[in-house]
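Structural overview
Below, each chain spelled out in residue letters.
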Amino acid sequence: MLLDQFDDRLVQILVVVAAGSAILSVMEKDDPTAWVDPVVICLILVSNAAVGVWQESSADDSLQALKKLQPEQCCCKRDGDWNGDLPARELVPGDVVYLRVGDKVPADVRLIQLKASTFATDEAALTGESMTVTKGVDAVRGSFTASGDEEEEVSLAQR
């Protein structure tokens with residue numbers, strides 16, 4: 001992880017400059033301030049590498065936290081049969097997902113039926129919204145396009 005911080009072309013140029021400056025400092029034995037430039041450049045490189053490692057570690061921790069929010073399994077109706085142990089990553093458009101109180105929603109879904117009078121989701125981890133968002137089964141006009149030209153629709157049903 002530390003050596004990866006030195007893959008950048010500008011950082012490599014600074015390493016070469018620091019080495020060249022150090023060689024010139026050795027040649028200038030009479031000037032006691034000759035070592036200031038290579039030492040400062042090396043300190044900048046080390047601090048840049050430390051910050052890069054810290055940011056990469058922080059990003060990895062954030063990614064792991066987001067993965068914990070994503071459910072591993074879900075209950076899905078596919079081809080007329082309910083499968084309670086389907087990996088959430090295998091959901092495809094047209095699947096019907098069954099949710100109970102406390103379940104994590106495994107994908108972008110469209111509500112098609114509710115057994116309860118209300119359905120609310122906590123979207124704080126995704127949007128930062130502190131209040132739960134009430135959902136409904138109202139018809140959605142047109143089709144939902146996620147990104148590019150892909151059509152995606154995963155339906156949600158309550159038994």
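Fair warning: this is a prediction, and the values are worked out from it, not measured in the lab.

Looking now at the overall build of the protein chain. When its secondary structure is counted, the protein chain shows 3 helices and 7 strands. Of the regular secondary structure in the protein chain, the N- to C-terminal order runs α-α-β-β-β-β-β-α-β-β. The buried share of the protein chain, reckoned over its 159 residues, is 21%. A separation threshold of at least 6 residues defines the contact pool for the protein chain, and within that pool the share at least 24 residues apart is 48%. A total accessible area of about 11800 Å² is found for the protein chain, and carbon and sulfur atoms account for 56% of it.

Overall, the coordinates contain 0 disulfides when judged by the stated rule. Here Cys-76 is not disulfide-linked; the sulfur of Cys-74 is the nearest cysteine sulfur, at 5.4 Å.

Time to look at helix α1 (residues 9-27). Helix length check: α1, at 19 residues, gives a terminal C-alpha distance of 27 Å against a target of 27 Å (1.5 Å per residue), a fit within 8%. Among the residues of α1, Val-11, Ala-18, Ser-21 and Ser-25 are the ones counted as buried. Mapping the buried residues of α1 onto a view down its axis gives an arc of 80°, with all of them on the same face. When the buried face of α1 is taken as reference, the exposed residues oriented beyond 90 degrees from it are Arg-9, Val-16, Ile-23, Leu-24 and Met-27. Elements in contact with the buried residues of α1: α2 (36-69).

In this model, Asp-79 sits at a positive phi of 55°, which is unusual for a non-glycine residue. Note that Asp-79 resides in the loop between β1 (73-78) and β2 (81-87). Assessed through its relative accessible area of 76%, Asp-79 is described here as exposed.

Here we come to a nonpolar patch on the surface. Together, Leu-10, Ile-13, Leu-14 and Val-17 give the surface a local cluster of nonpolar side chains, amounting to about 330 Å² of exposed area. Under the relative-accessibility criterion, Leu-10 is labelled exposed at 56%.

Here β1 pairs with β2 via 5 bridges, running antiparallel. Residue pairing for β2: Lys-77 is matched across the bridge by Trp-82. Connecting β1 to the antiparallel partner β2 that follows it, the hairpin turn spans 2 residues, and Asp-79 within it adopts a positive phi of roughly 55°.

Turning our eyes to something else, we now look at a negative patch on the surface. A surface patch of like charges, here negative, comprises Asp-4, Asp-7, Asp-8, Glu-56, Asp-60 and Asp-61. Mapped onto the elements, Asp-4 comes out in the segment before α1. Residue Asp-4 is classed as partly exposed on the basis of its relative accessible area, which comes to 46%.

Let us look at the pattern of salt bridges. Using the criterion set out here, one finds 3 salt bridges in the structure. Measuring nitrogen to oxygen at the nearest pair gives 2.6 Å for the salt bridge that ties Arg-78 to Asp-95. Taken together, the residues Arg-78 in strand β1 and Asp-95 in the loop between β2 and β3 (96-98) connect sequence positions 17 residues apart. On the basis of relative accessibility, which here comes to 29%, the residue Arg-78 falls in the partly exposed class. Judged by relative accessible area, which is 3%, Asp-95 ranks as buried.

Calculation criteria
- Along each chain, numbering runs from 1 in the same order as the chain's sequence is written.
- Totals for whole chains, interfaces and linings use all residues, but because this is a predicted model, local features are given only for residues with pLDDT of at least 70 and pairs of side-chain atoms are given and counted only at 80 or more.
- Side-chain numbers come from the whole structure's heavy atoms, not from hydrogens or water.
- The secondary structure listing takes helices from DSSP runs of H or I that are at least 4 residues long and strands from runs of E that are at least 2 residues long, numbered from the N terminus.
- The rule is simple: take the accessible area with a 1.4 Å probe, protein chains only, and divide by the maximum for that residue type; under 20% is buried, over 50% is exposed, in between is partly exposed.
- Contacts are assigned to residue pairs that have any heavy atoms within 4.5 Å of one another.
- Only the protein chains shown count as cover for residues, and all accessible areas are computed by the Shrake-Rupley method using a 1.4 Å probe.
- Disulfides are defined as cysteine sulfur pairs within 2.5 Å.
- Between the first and last residue of a helix there are one fewer steps than residues, each counted as 1.5 Å, and that sum is the expected span.
- Regarding the arc, it is the one traced by the directions from the helix axis to the C-beta atoms.
- Patch criteria: residues need more than 30% relative accessible area and no salt bridge. Like-charged residues are merged within 9 Å; nonpolar side chains of Val, Leu, Ile, Met, Phe, Trp and Tyr are merged within 5 Å.
- Think of a salt bridge as a Lys or Arg side-chain nitrogen and an Asp or Glu carboxyl oxygen that are within 4 Å of each other.
- At least two bridges found by DSSP between two strands are what make those strands a pair.
- Asp and Glu are treated as the negative residues and Lys and Arg as the positive ones, with His and the ends of the chain left uncounted.
- Each charge is placed at NZ for Lys, CZ for Arg, CG for Asp and CD for Glu.

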